Every structure is written in C-alpha cells, then in structure tokens.
Amino acid sequence: MSGLHDKMGQRAYELLPEKFREFWKAEAENIPTYCEYPDLHLGAQWEEPEKESFYARYCVMANGRAAPHGPQDKEWRGATFGDVTDPQKVHDALRYYLEQTVKYIAKGDATDSARFGGTGAHVIQDCSNPGHTFNNILLSRLFPVKGKNLIFMHRLMDHWPIDLEAVKCTPVLLGRNIDEAVYFLAEKIIGNMDLITADMVKLCQGIIGNREKTVSRIMQKWNAEAICHTLNFWYTAFILAAGELPAGSSRRFVSTSLADKPMITAYDERFDRQQYIAAGIPFYDNHYPETDPHRSTMSTNPYPFEPVINCAYNSKGEILPLAIDDKGTTLKGKGIAAGSYGVVSYHVPGNVFRTLEVTAGIHPDSSSGVSCTFAVWCCESEPHLLAKGTTDRKKGALHFKVQLPLECRTISLLNAGGDGGNSTAVWLEPVLKP
C-alpha cells in the first residue's frame, strides 16, 4: 500500500476531532510522511544508509523486529511470502505502537507521538490491503502470466486510486485500556483477512479483465476500512493518554461473542489431540499425525475440515439453523457447529476477559443418540482443562460458566465421541465477559 499511506494518513487526520487535530497541528503536514516511515526505513538500508538508524527508532520494535508490512507468520515473515499467519504477531505489533503513541501524547510530545502513530497506521493499513494479506507466490500460481504484459497484482493493489472524500467514519473507542483496545482492533483486522481472501478471485479477475468498476469497488471498501481503523487507533490513543473515557463508553465492552471473532488457523503441537485423550476427552487415536496434523480448527462429519459459524449442517452438507434441544425447549442463537469431533480455537487473553459463558449440546436434527463430550481448554494455563461435560441429544444442554486464568491467551472448544455423519455438536452463544 506504499502508494496510498500518505493519503490515508491525511484523511484519517482530517476525520479526527478538532481538539486532537489541534494537538498534532504543528505536525499536520508531516503526518502523511510519518505513515510512510516503514517503507522509507526498508528503502534507506540500500538507498540512504545514513538515515536507516533514524527510521529504525520508529520502525524497529522493542523485540528487534521491523514494523510488519501486513500480517506475519510464526517466523515474522510477511504474509506475502509466509506460511499460515500468526494472529499473536498482529496483537504484538499493535500493542507496541499503541503503547508508544499513548506514551508520547501523555508527555505532550506532538512529534514523536505522531511519528509512532503514523508508523502504527502503516501496520494497520498494510494489514487491510489485499496484496499484503495474501501469499503472493500463490497468487502468481492462481493467475499466471498471459498475453504480452506482466500484471503485478501486488503493485496494482498498492496503488489503486481511492476516493478519499467518500470515506466518512466517526471515530470509535477501541477499548478502555491498551490491552482491551489491542484485542478488539487486532481481532477485527484478522477477521477482515478472511473477508479479503473471499474477494481475491473476483478482484484479480477484475484486474486481468480490465473491469475497473469491480476493482475500484473492492479496493475502495478495504482502503476505507484501513482509514477508519487508523482513525480509531489514533482516537483511542488520545483518549487513553488523557485518562478520561467518554460517558457511557464502558457499555460497549460489557460482553463480546466469540461467534463474531476469527478462528485461529494453525498447525501446532499445542493442539496435539493426544493430550485431550489423556484428559478424558475421547478423541480418536491417530498413529500417523502427519496424515491428520495437530491443528487449531477441525471438524469431522466427515467434512468440512473446519467448524462452521452461525449455522449447522447435516451429513448431506445441507445448511441448518443453529439450535439445541434442552429438555423440550429449543435454544437458538449465534455460535459454532462441528461434527462428531471438533476443535475451534480463539485468541482470548485472560488479562482482558475473565469469564466465558457458553451452552453446548447436540443438534436436534442429529439422527444418533450417541453421547458427546464437550470441553473448554486453555493452551497456556495449568491445568489446561477448564471445564468438561458429557451429554446426548435427549439429555439436553450443558451450561458452562468458565473462569479464565490470567495467563490464558488461547481458548479451544473441544467436542469428541460422536459417530461419523450422524451427529453434530453445537456451541451456542459463546460470550466473553471482562
């Protein structure tokens, strides 16, 4: 997004409340450039090495890593070249830049707060751009060179024109403290990556087919998201630095639904199903885990590979409303459905949320009366198993109210013991509370 960072920063600044614009008034002309700092930093090592150390002060985080240009994988490689993205890296980067921006605003330092705020904005904007959130090597395979000209998708997405005046958003407080703000912003950005992926085929087909209206519509949507996230990031930094929350703002943070949050997608030993079996959760054994790897999301019914959100499905793949029969009462709502065996994992920091409430049971359209074990698991706590219960279609629902350990960062909802395509496990209304 190197062609638009300055314009996006300028528009986000224009949308800030006047009292915050006034604080940065002396830096107003420079803020667009500050939003380009991560690109200038990388370029300086080859083009202007004498300036690299200056940019590094803002663009190298406390952990020694350069400011991310989009989501990162476990090795801090950008998504353009990387493996499955690691959501924790997005959280870590946003936390660093929000902390720095808040610190310098609180000190009354307009220059450094704007520089760190602009660098943080660059991270947000790259995480909102299709070219930065999708593996570009795969993109080249999906859309190989045809005809006489090379179409460099990434560069076109970076520079596609934006209608700045059409972007109108009111600033929103992201959280009542840094941890809460980082959680809600990062999870929103990570969730958007799935939506961006769903747009990639029609976006690239539009570029190849010279369908400018299609491309402009998609790019305008995501560029507008980037500007609004930048605005909210800066607005929240000013509010937290002042230490005075707007009246009534706390009501927005009373609870949040996991059904609205992105699932973690990872292959990781943390999700080794042998440990679930040892804890009394009757997962199937697997002598050859390379054929069925340990992963943060899974569903066997027998397909799909992942649980589904806010709906259920039967053995024919037909979509069903999400529901549980609880001793004659039909419970409905938002949530997650998996097959006979399921894992669904979320980023849930115990320093932000202290309680998880959720109802679990078997979907009423399941044709089997077999029992199923449901469990709540935290990868970071000891013990890992936070709650467990067993039920079947006739016994009704399990109602969990789980206290989350402070050290918790990852919650997995587990179900096991079903019978192939004849039963569907449901997690209904999973709600987090501070």
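Residues numbered from 1 in each chain as written. Predicted model: local features only at pLDDT ≥ 70, side-chain atom pairs only at ≥ 80, totals over all residues. Heavy atoms only, no water.

Novice: Help me understand the environment of Phe305, please; the structure alone is not making it clear to me.
Specialist: Inspection of the secondary structure assignment puts Phe305 in the loop between strand E2 (298–300) and strand E3 (308–309). The residues touching Phe305, leaving out its near neighbours within four places in the chain, are Arg295, Thr297, Met298 and Ser299. (Helix = DSSP H or I, 4+ residues; strand = E, 2+ residues; numbered from the N terminus. Contact = heavy atoms within 4.5 Å.)

Novice: Could you clarify how one ought to interpret helix H7 (residues 110–126) in this entry?
Specialist: Owing to its 3.6 residues per turn, the α-helix aligns residues three or four sequence positions apart on the same side. An ideal rise of 1.5 Å per residue puts 24 Å on 17 residues; H7 measures up with 24 Å between its terminal C-alpha atoms. Between a side-chain oxygen at the N-terminus of H7 and the backbone nitrogen of Thr111 the separation is 3.1 Å; the capping residue is Asp109. (Expected span 1.5 Å × (residues − 1). Polar contact = N/O pair within 3.5 Å; in protein donor to acceptor, adjacent residues only side chain to side chain.)

Novice: When you look at the side chain of Arg11 in this model, what are you seeing that I'm missing?
Specialist: Relative to the helices and strands, Arg11 is located in helix H1 (residues 5–15). Looking at Arg11, its side chain comes within polar contact range of the main-chain oxygen of Leu164, at 3.1 Å. Those residues in contact with Arg11 that sit more than four places away from it in its chain are Leu164, Glu165, Val167, Lys168 and Ile227.

Novice: It is not clear to me how the environment of Lys19 should be interpreted in this structure. Could you clarify?
Specialist: Assignment of secondary structure puts Lys19 in helix H2 (residues 18–23). Residue Lys19 is classed as exposed on the basis of its relative accessible area of 63%. Separated by 389 residues in sequence, Lys19 and Cys408 have C-alpha atoms that sit 38 Å apart. (Buried < 20%, exposed > 50% of the residue type's maximum accessible area, 1.4 Å probe, protein only.)

Novice: Got a minute to help me understand the pattern of salt bridges in this structure?
Specialist: In a structure, side chains of opposite charge can pair up when their charged atoms sit close to one another. Per the counting criterion, the structure on display carries 19 salt bridges. One salt bridge connects Lys7 with Asp6, and the closest N-O pair in it is separated by 4.0 Å. When its relative accessible area of 37% is taken as the criterion, Lys7 is described as partly exposed. Among the charged side chains, a network of salt bridges with common partners joins Lys74, Asp268, Arg270 and Glu380. (Salt bridge = Lys/Arg side-chain N within 4 Å of Asp/Glu carboxyl O.)

Novice: Help me understand unusual backbone geometry, please; the structure alone is not making it clear to me.
Specialist: Residues other than glycine predominantly adopt negative phi, and peptide bonds predominantly adopt the trans conformation. Put simply, Glu382 and Pro383 share a cis peptide bond, and its omega is 0°. In this fold, Pro383 is placed in the loop between strand E11 (372–378) and strand E12 (385–391). The phi dihedral of Asn210 is positive, around 55°, even though this residue is not glycine. Residue classification places Asn210 among the exposed positions, given a relative accessible area of 66%. Despite not being glycine, Asn310 has its phi angle at roughly 60°, a positive value. Counting through the fold element by element, Asn310 comes out in the loop between E3 and strand E4 (312–313).

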